[in-house]
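# Architecture and fold: a report
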Amino acid sequence: MNNSFSQKQHIKYDKSAKNYIIMKKILVTGGAGFIGSHLCAKLINDGHSVICLDNFFTGSRSNVWHLIDNPRFELVRHDVTVPYNAEVDEIYNLACPASPVHYQHDPVKTVKTSVMGAINMLALGRQVGAKVLQASTSEVYGDPIVHPQTEEYWGNVNTVGIRSCYDEGKRCAETLFMDYHRQKKLRIKIIRIFNTYGPLMSKNDGRVVSNFIIQALKDEDITLYGDGSQTRSFQYVDDLVEGMVRMMDTDDKFVGPINIGNPNEFTIKELAEKVIELTGSKSKFIYKPLPGDEPKQRQPDITLAKEKLNWEPSVYLEEGLIKTIEYFKSIRSEERRVGK
């Protein structure tokens, strides 16, 4: 937090907490995406003012429609590869397609979004004195040979593979953040997000949780790549957003990077079996070859998050899957109602 009170901020008395709260003006890039929309909602609910920036490549107005009438919320269509100016206290930089289907659609654009977006948000942060948080990813670890992954692990990443546009774009963004911090004394935070799921996921984003749920609800065959023994750790979106906000609020001396994820590890086949169980689906498994550069294991070590943020996930996989399944059921019901 700034040492002096910012003119962009104002103070509000919270009757329930019986204390004064500093309300901030916050910019969220990629704010209409799956994770960004949940973050915007939390920040608004906490009493802050939010500018939601999105080019709607993967984000959707419908994700933040419930916030549109709030006087403390502003939705702006903008691409982060182009500079943007606003007087804000904090910046959460989430803008970038995060699923292989989308980031491989235009890999050059993906790299530009990660790198130029980081440069533009860092420049804005420096211009207005804002603290800037980079939403990095567990993909910086690549196909890890260290398990579970700690923040000290440098990763095992293919620089010329089909996933490299995302992996290396995010790695370069982390480098830019650290160099702005060291060279220009900018206040920064870096988090590494592990697999996240929950309501408002796009049904077409190609992520494993949404894929399995959609296939199961339709009683279609569920696609497993390889033999389904590769592992992932799945965190519910509410846990992630809580971790993000706590990281932003830490002392300026601690910049990260820090893992934000659920350390409970499951095979992809176990996830599919759980989805079939919870949906009562008649789906069967079909097997296809592993895509290029598919990581075999992915599990966060969250020791640092426990120590620095007093944070760990609180939503178990079954509980989160039930909420996510209900969301997709409601989407399917609405589509039937309108005849899609």
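Read on for an overview of the structure. (Residues numbered from 1 in each chain as written. Predicted model: local features only at pLDDT ≥ 70, side-chain atom pairs only at ≥ 80, totals over all residues. Heavy atoms only, no water.)

## Brief notes about the pattern of salt bridges
Here the structure, examined in full by the defined rule, presents 20 salt bridges. Here Arg182 and Asp179 are joined by a salt bridge, their closest N and O atoms 3.0 Å apart. Remark: Asp179 and Arg182 occur in helix H4 (residues 164–184); sequence separation between them is 3 residues, near one turn of the helix. Between Glu326 and Lys329 there is a salt bridge, and its shortest N-O distance comes to 3.6 Å. (Salt bridge = Lys/Arg side-chain N within 4 Å of Asp/Glu carboxyl O. Helix = DSSP H or I, 4+ residues; strand = E, 2+ residues; numbered from the N terminus.)

## Overview of unusual backbone geometry
Of note, the amide linkage connecting His147 to Pro148 takes the cis form, showing an omega dihedral of -10°. A cis amide bond, omega 5°, links Gly256 with the succeeding residue Pro257. Structurally, the position occupied by Pro257 is in the loop between helix H6 (237–248) and strand E13 (258–260). Its identity is not glycine, yet Lys185 carries a phi of approximately 60°, on the positive side. Tracing the chain through its elements places Lys185 in the loop between H4 and strand E8 (188–193). Residue classification places Lys185 among the exposed residues on the basis of a relative accessible area of 66%. Positive phi outside glycine occurs at Asn310, with the angle close to 50°. (Buried < 20%, exposed > 50% of the residue type's maximum accessible area, 1.4 Å probe, protein only.)

## Some words on the nonpolar core
Counting residues in hydrophobic clusters, the biggest one holds 61 residues, and the most contacted among them are Leu39, Tyr92, Met244 and Ile258. Core analysis: the second largest hydrophobic core is formed by 27 residues, Leu53, Tyr84, Met121 and Val255 among them. (Core = buried A, V, L, I, M, F, W, Y, C linked by side-chain atoms within 4.5 Å.)

## Section: the environment of Arg246
Turning to its location among the elements, Arg246 is positioned in helix H6. For Arg246, a relative accessible area of 30% gives the class partly exposed. Between the alpha carbons of Arg246 and Arg187 there is a distance of 15 Å; along the sequence they are 59 residues apart. With residues near it in sequence (within four places) discarded, Arg246 still touches Leu309, Asn310 and Trp311. (Contact = heavy atoms within 4.5 Å.)

## Some remarks on the sheet that holds strand E3 (residues 25–29)
The strands that make up a sheet are held in pairs by hydrogen bonds between backbone atoms, and each pair lies either parallel or antiparallel. Overall, parallel pairing links the 7 strands, which are arranged E5-E4-E3-E6-E7-E8-E13 in an open sheet. In this open sheet, the two edge strands, each paired with only one partner strand, are strand E5 (73–77) and E13. On average, each strand axis in the sheet is inclined to that of its neighbour by 20°, with strand direction left out of account. Relative to E13, E8 runs parallel, the two being bridged by 3 bridges. Each bridged residue has a counterpart across the sheet, and for Ile191 the counterpart in E13 is Ile258. Across the face of the sheet, helix H3 (residues 107–128) comes into contact with E3, strand E6 (90–93), strand E7 (131–137) and E8 while running at roughly 175° to E6. Contacts from H4 reach E6, E7 and E8 within the one sheet, and its direction differs from that of E7 by about 155°. (Pairing = 2+ DSSP bridges. Axes fitted to C-alpha atoms, helices over the stretch in contact; angles between N-to-C directions.)

## With respect to the packing of aromatic side chains
Considering all chains together, one arrives at 4 aromatic pairs under this definition. Between the aromatic rings of Tyr141 and Tyr153, the centroid separation amounts to 6.0 Å while the plane-to-plane angle is 15°, which identifies the pairing as stacked. With Tyr141 in the loop between E7 and H4 and Tyr153 in the loop between E7 and H4, this pair connects stretches of sequence that are 12 residues apart. Residue Tyr153 is classed as buried on the basis of its relative accessible area, which comes to 12%. (Phe/Tyr/Trp six-rings, centres within 6.5 Å; stacked < 30°, edge-to-face > 60°.)

## What about the environment of Cys172?
By secondary structure assignment, the location of Cys172 is in helix H4. In this structure the C-alpha to C-alpha distance between Cys172 and Lys42, which are 130 residues apart in sequence, comes to 29 Å.

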